[in-house]
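Coordinate analysis (summary)
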Amino acid sequence: MALTRRDLLKSSLAAGGALSLLELGGKAEAKERDDLKIEGAKDYRTICCYCSVGCGIQLWVKDGEVVHVNGDPDHPINEGTLCPKGASIANLRVIADKDNQYRPNPWRLTKVLYRAPGATDWEEKDWDWAIERIARNVKAARDATFERVDESGVTVNRTFAMAHIGSAALDNEENYVLAKLMRSLGIVRLEHHARL
C-alpha cells in the first residue's frame, strides 16, 4: 500500500491527538511567590531597538536593574515573542547559562587591548588612544588609495582599499549614519553580515 502525504498527515494528527490525552511525565511544580525574580519589580513597555520590525518588549526593573525581559503579549507586531537579540536586551553583554537563562558574560572585553606588530603580548590602552589610531589608519589608507577620476576621466571619488560590514546589533538609524559616513569616505564595498 502506498502512503500518500495526506494519509501520513492524517495518521500523525490522529496519533498526536491520542498521545495528548495521556498524561506523560510528572506535573510541573509552581515556584513559590518569594522565588519569583520579578517580585517587587516595576513593569515597563518599550520597543526593541535592533531592527526595523519594532517588536514590543516588556521589561521588569528592580533597584535600577533589569531583572527580566519578555516579548510584550499585547503588542500587535510580535505578540509576545522575541528573537535572541531582543531577548538579550537587558544586558548587552550576556550569555545563556545551563538553564538557558541570560546572565552577564564575565569574559566580555570592555577595555582596549592592543598588540603591536611583531609583538606576542597584548597591552591595555585607553579609548582615546584607540580611536585616534583608528582614525589615523583610516585616513592614511584612504589618502594612499583614493581615486578622484577613473581611467576614462569620469569622476568617481572612491577607494577600494577599505570595506564596511554592517551589524544587526545596530538599529536602523545607526546603520543609516554609518552608511553615510562610509560613502563620504569613498568606500564602495558596503555589505551587511546578514547577507553573508
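Everything numeric here is computed off the predicted structure, so don't read it as measured data.

Topic: the overall build of the chain
Along its length, the chain carries 4 helices and 10 strands. Across the chain, helices and strands are ordered from the amino to the carboxyl terminus as α-β-β-β-α-β-β-β-β-α-β-β-α-β. Counting all 196 residues of the chain, 16% fall into the buried class. A separation threshold of at least 6 residues defines the contact pool for the chain, and within that pool the share at least 24 residues apart is 33%. For the chain, the exposed surface amounts to about 15,400 Å²; the carbon and sulfur share of it is 55%.

Here's the deal with unusual backbone geometry
If you check the backbone angles, E79 has positive phi at about 45° while not being a glycine. Tracing the backbone shows E79 in the loop between β3 (65-71) and α2 (84-87). The exposed category is assigned to E79, whose relative accessible area is 61%. Positive phi is not limited to glycine here, since N157 has a value of about 45°. Along the chain, the position of N157 falls in strand β9 (residues 155-166). Exposure remark for N157: the relative accessible area of 37% places this residue in the partly exposed category.

Here we look at the pairing of β9
Sheet topology places strand β8 (residues 147-149) next to β9; 2 bridges connect them, and they run antiparallel. Bridging across to β9, V149 finds its partner in T155. Here β8 folds back onto β9, and the loop between the two strands holds 5 residues, one of which, G153, carries a positive phi near 90°. Here β9 pairs with strand β10 (residues 187-192) via 5 bridges, running parallel. Considered in β10, the bridge of T159 is made with I187.

What counts, and where the lines are drawn
Residues numbered from 1 in each chain as written. Predicted model: local features only at pLDDT ≥ 70, side-chain atom pairs only at ≥ 80, totals over all residues. Heavy atoms only, no water. Helix = DSSP H or I, 4+ residues; strand = E, 2+ residues; numbered from the N terminus. Buried < 20%, exposed > 50% of the residue type's maximum accessible area, 1.4 Å probe, protein only. Contact = heavy atoms within 4.5 Å. Areas by Shrake-Rupley, 256 points an atom, 1.4 Å probe, with all protein chains shown as cover. Pairing = 2+ DSSP bridges.

Coordinates in, geometry out; function isn't part of it.
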